[in-house]
Amino acid sequence: MDMDSSNDINIKQNTEEILLYLFAQRKLYSLSKRALHIMFFVNLIFYVLGLINTIQSNNYFKAIYVIWGVTFCILYIRESERINTAATIQELIDRKLYGFDTYAPFLKVTSLHRIALELKTKFPKEFIEQTSRNGQQKGVKDWYSDVSGVSIEKAIILCQIENSDWETQLRMKYQKLNILLLVILLSVYVVIFWNNSVENLIIKLYPILTIVVDRLSYIYKNYKNIKSSKDINDSLYQIYENIEEFTKEDILNKAKEIQHCIYERRKNFSPIPNLFYHLNREKYQSYSNQYILDLKEKLQKAS
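Computed from a predicted structure; not experimentally measured.

Novice: Before we go on, may I ask you to explain the overall build of the protein chain in this structure?
Specialist: Each helix and strand in the protein chain was counted, giving 12 helices and 0 strands. The order of helices and strands in the protein chain, counted from the N terminus, is α-α-α-α-α-α-α-α-α-α-α-α. Taken along the three principal axes of its C-alpha coordinates, the protein chain extends 70 × 40 × 35 Å. A separation of at least 24 residues holds for 83% of the contacts in the protein chain among residues at least 6 apart in sequence. Averaged over its 39 positive side-chain charges, the protein chain has a centre that lies 9 Å from the centre of its 33 negative ones.

Printed below as a string of structure tokens:
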């Protein structure tokens, strides 16, 4: 597939097809986030009930907990698949905007389009609201900051910087809270059952297994997401700082390699609670928009 030499990313991103995909990927992430949060609160209920000796030793409670443990694993796998679908739709969006190949087998374009249309039909009101508003209005229009006025290869690098940069600080902040939460959850159980023998203490820890696995999995995924973002940023900044030394073909080839890394990072999606997200989103989004504008102006001056 030939690259379009013109930079029309900001125009393409507001076309009907791209807005449909943008809505679909956001909705899939949102549904997955909601499901994972419900699973966390169910785990928390079992955790609290497990603090009570009479309930913890009850055979019915143990049986219900085992059933929930199996259900939790099945639901976790299902949500991982939904996240993978959302990440693949995002990858398709970027490839269409950048002019990259969209015929890769893993993209399954026909299937993704069907999923997007089903979500549009299922959530018509949300679709209209999301696709008629921009990011500051909590919509999906104007997805990327203004990257007009520079060549396509430079615009792609700016978009990739925006992709990798803006949520990293937010995730680092939330990661600390999750580690603290895990320590508190473990400490409470150990303190309450401290007078038991080591063998009994280990046995009595069973009601915290699902919530510990849940939090450890989240912390690990978020760690991989943050690390990947930093590695991608390092590569992008090296290209950006030396961009005049590369040919257009060199930049596009490097951008394709980085795009693959961005896709892999997205598949390690770890949801940030809406309350925490919205409290910090405006700050980081405004910073990101201004940052990309500054980077673009620097490129224009150097050209």
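Now that the structure is up, let's keep going.
Novice: What exactly am I supposed to notice about a nonpolar patch on the surface here?
Specialist: Together, Val-66, Val-70 and Ile-74 make up a nonpolar patch on the protein surface, roughly 290 Å² of accessible area in all. Along the polypeptide, Ile-74 turns up in helix α4 (residues 59–98). Its relative accessible area of 56% is what places Ile-74 among the exposed residues.

Novice: Explain the layout of surface pockets here, please?
Specialist: Rolled over the atoms, a probe as big as a water molecule pinpoints where empty space is left. Its boundaries defined by the atoms lining it, the second largest pocket holds a volume of some 310 Å³. Lining the second largest pocket are 21 residues, and of these His-37, Tyr-174, Arg-215, Tyr-218 and Pro-271 lie nearest its centre. For the lining of the second largest pocket, the element with the highest residue contribution is helix α10 (residues 209–241), accounting for 5 residues. Residue composition of the lining of the second largest pocket, grouped by class: 12 nonpolar, 5 polar and 4 charged.

Novice: Help me understand the environment of Asp-146, please; the structure alone is not making it clear to me.
Specialist: Relative to the helices and strands, Asp-146 resides in the loop between α6 (124–131) and α7 (152–165). With relative accessibility at 42%, the residue Asp-146 sits in the partly exposed group. The spatial distance from the C-alpha of Asp-146 to the C-alpha of Lys-256 is 21 Å, given a sequence separation of 110 residues.

Novice: So what exactly am I meant to see when it comes to the nonpolar core here?
Specialist: The nonpolar side chains of a soluble globular protein tend to be buried with one another. By size, the foremost hydrophobic cluster in this structure holds 62 residues, and its most contacted members are Ile-9, Tyr-98, Leu-119, Ile-156 and Leu-158. When contributions to this core are tallied by element, the ones reaching two or more residues are α2 (16–49), α4, α5 (109–122), α7, α10, α11 (248–266) and α12 (274–302). The contact partners of Ile-156, leaving out residues within four places of it in the chain, are Ile-9, Tyr-98, Phe-100, Leu-252 and Ala-255.

Novice: In this structure, what is going on with the environment of Glu-162? I would like to understand it.
Specialist: Counting through the fold element by element, Glu-162 comes out in helix α7. Given the relative accessible area of 4%, Glu-162 is considered buried.

Novice: Looking at this structure, I do not really get α5. What am I missing?
Specialist: At 3.6 residues per turn, the α-helix brings residues three or four places apart onto the same side. Here α5 is 14 residues long and its end C-alpha atoms lie 20 Å apart, about the 20 Å a rise of 1.5 Å per residue gives. Leu-112, Ile-115, Ala-116 and Leu-119 are the residues of α5 that are buried. When α5 is viewed along its axis, its buried side chains cluster within an angular range of 100 degrees and face the same direction. The outward face of α5, more than 90 degrees from its buried face, is lined by the exposed residues Thr-110 and Thr-121. Contact partners of the buried residues in α5: α2 and α4.

Novice: Any chance you could explain the packing of aromatic side chains here in plain terms?
Specialist: For any pair of aromatic rings, the description rests on two quantities: the centre-to-centre distance and the angle between the ring planes. Taken as a whole, this structure holds 16 aromatic pairs when the rule is applied. When the ring of Phe-46 is compared with that of Trp-68, the centres are 6.4 Å apart and the planes differ by 15 degrees; the resulting orientation is stacked. Here Phe-46, found in helix α2, pairs with Trp-68, found in helix α4; they are 22 residues apart in sequence, far enough to count as distant. Accessibility classification places Phe-46 together with Trp-68 in one group, the buried group. With a centroid separation of 6.0 Å and an interplanar angle of 50 degrees, the aromatic rings of Trp-68 and Phe-72 are classed as tilted. Here Phe-72 and Trp-68 lie together in helix α4, a separation of 4 residues that amounts to about one turn. For the residue pair Trp-68 and Phe-72, the accessibility class agrees, reading buried in each case. Taken together, the aromatic side chains of Phe-46, Phe-61, Tyr-65, Trp-68, Phe-72, Tyr-76 and Tyr-206 make up a single cluster linked through ring pairs. The ring of Phe-123 has Lys-27 sitting right over it, with the charged end atom 4.3 Å from the ring centre. Lying across the ring of Tyr-218, Arg-215 places its NZ or CZ 4.9 Å from the centre.

How each quantity is defined
- Along each chain, numbering runs from 1 in the same order as the chain's sequence is written.
- At least 70 in pLDDT is required for a residue's local features to be given in this predicted model, at least 80 for side-chain atom pairs to be given and counted, and no such filter applies to totals for whole chains, interfaces and linings, which use all residues.
- Side-chain figures throughout are based on the complete set of non-hydrogen atoms in the structure, without hydrogens or water.
- Numbering of helices and strands runs from the N terminus, with a helix taken as a DSSP run of H or I at least four residues long and a strand as a DSSP run of E at least two residues long.
- When checking whether two residues touch, look at their non-hydrogen atoms; a contact exists if any pair is within 4.5 Å.
- Neither His nor the chain ends is counted toward charge; the positive residues are Lys and Arg and the negative residues Asp and Glu.
- By convention, charge coordinates are those of NZ in Lys, CZ in Arg, CG in Asp, or CD in Glu.
- Like-charged residues are merged into a patch within 9 Å and nonpolar side chains (Val, Leu, Ile, Met, Phe, Trp, Tyr) within 5 Å, provided each residue has over 30% relative accessible area and no salt bridge.
- Note that accessible areas follow from Shrake-Rupley with a 1.4 Å probe, and for residues the cover is restricted to the protein chains shown.
- We define a salt bridge as a side-chain nitrogen of Lys or Arg found within 4 Å of a carboxyl oxygen belonging to Asp or Glu.
- Relative accessibility decides the category of a residue: with a 1.4 Å probe and only protein chains considered, values under 20% of the type maximum give buried, values over 50% give exposed, and everything between is partly exposed.
- Put simply, the grid is 1 Å and covers the protein atoms alone, a cavity is a trapped set of points that fit a 1.4 Å probe, a pocket is an open set with protein on both sides within 12 Å along at least five of seven lines, and lining residues have an atom within 4 Å of a point.
- Grid points are joined across faces, edges and corners, and a volume is the space filled by probe spheres set on the points.
- Residues are sorted three ways: Asp, Glu, Lys and Arg are charged, Ala, Val, Leu, Ile, Met, Phe, Trp, Tyr, Cys and Pro are nonpolar, and all the rest, Gly among them, are polar.
- In this description, a nonpolar core means a group of buried Ala, Val, Leu, Ile, Met, Phe, Trp, Tyr and Cys residues linked to one another through side-chain atoms lying within 4.5 Å.
- Take the number of residues in a helix, subtract one, and multiply by 1.5 Å to get its expected span.
- This arc describes the spread of directions from the helix axis toward the C-beta atoms.
- The rule is short: rings of Phe, Tyr and Trp, with Trp giving its six-membered ring, pair when the centres are within 6.5 Å, and they are stacked under 30 degrees, edge-to-face over 60, tilted in between.
- Charge over a ring is defined by NZ of Lys or CZ of Arg lying within 6 Å of the ring centre and within 35 degrees of the ring normal.

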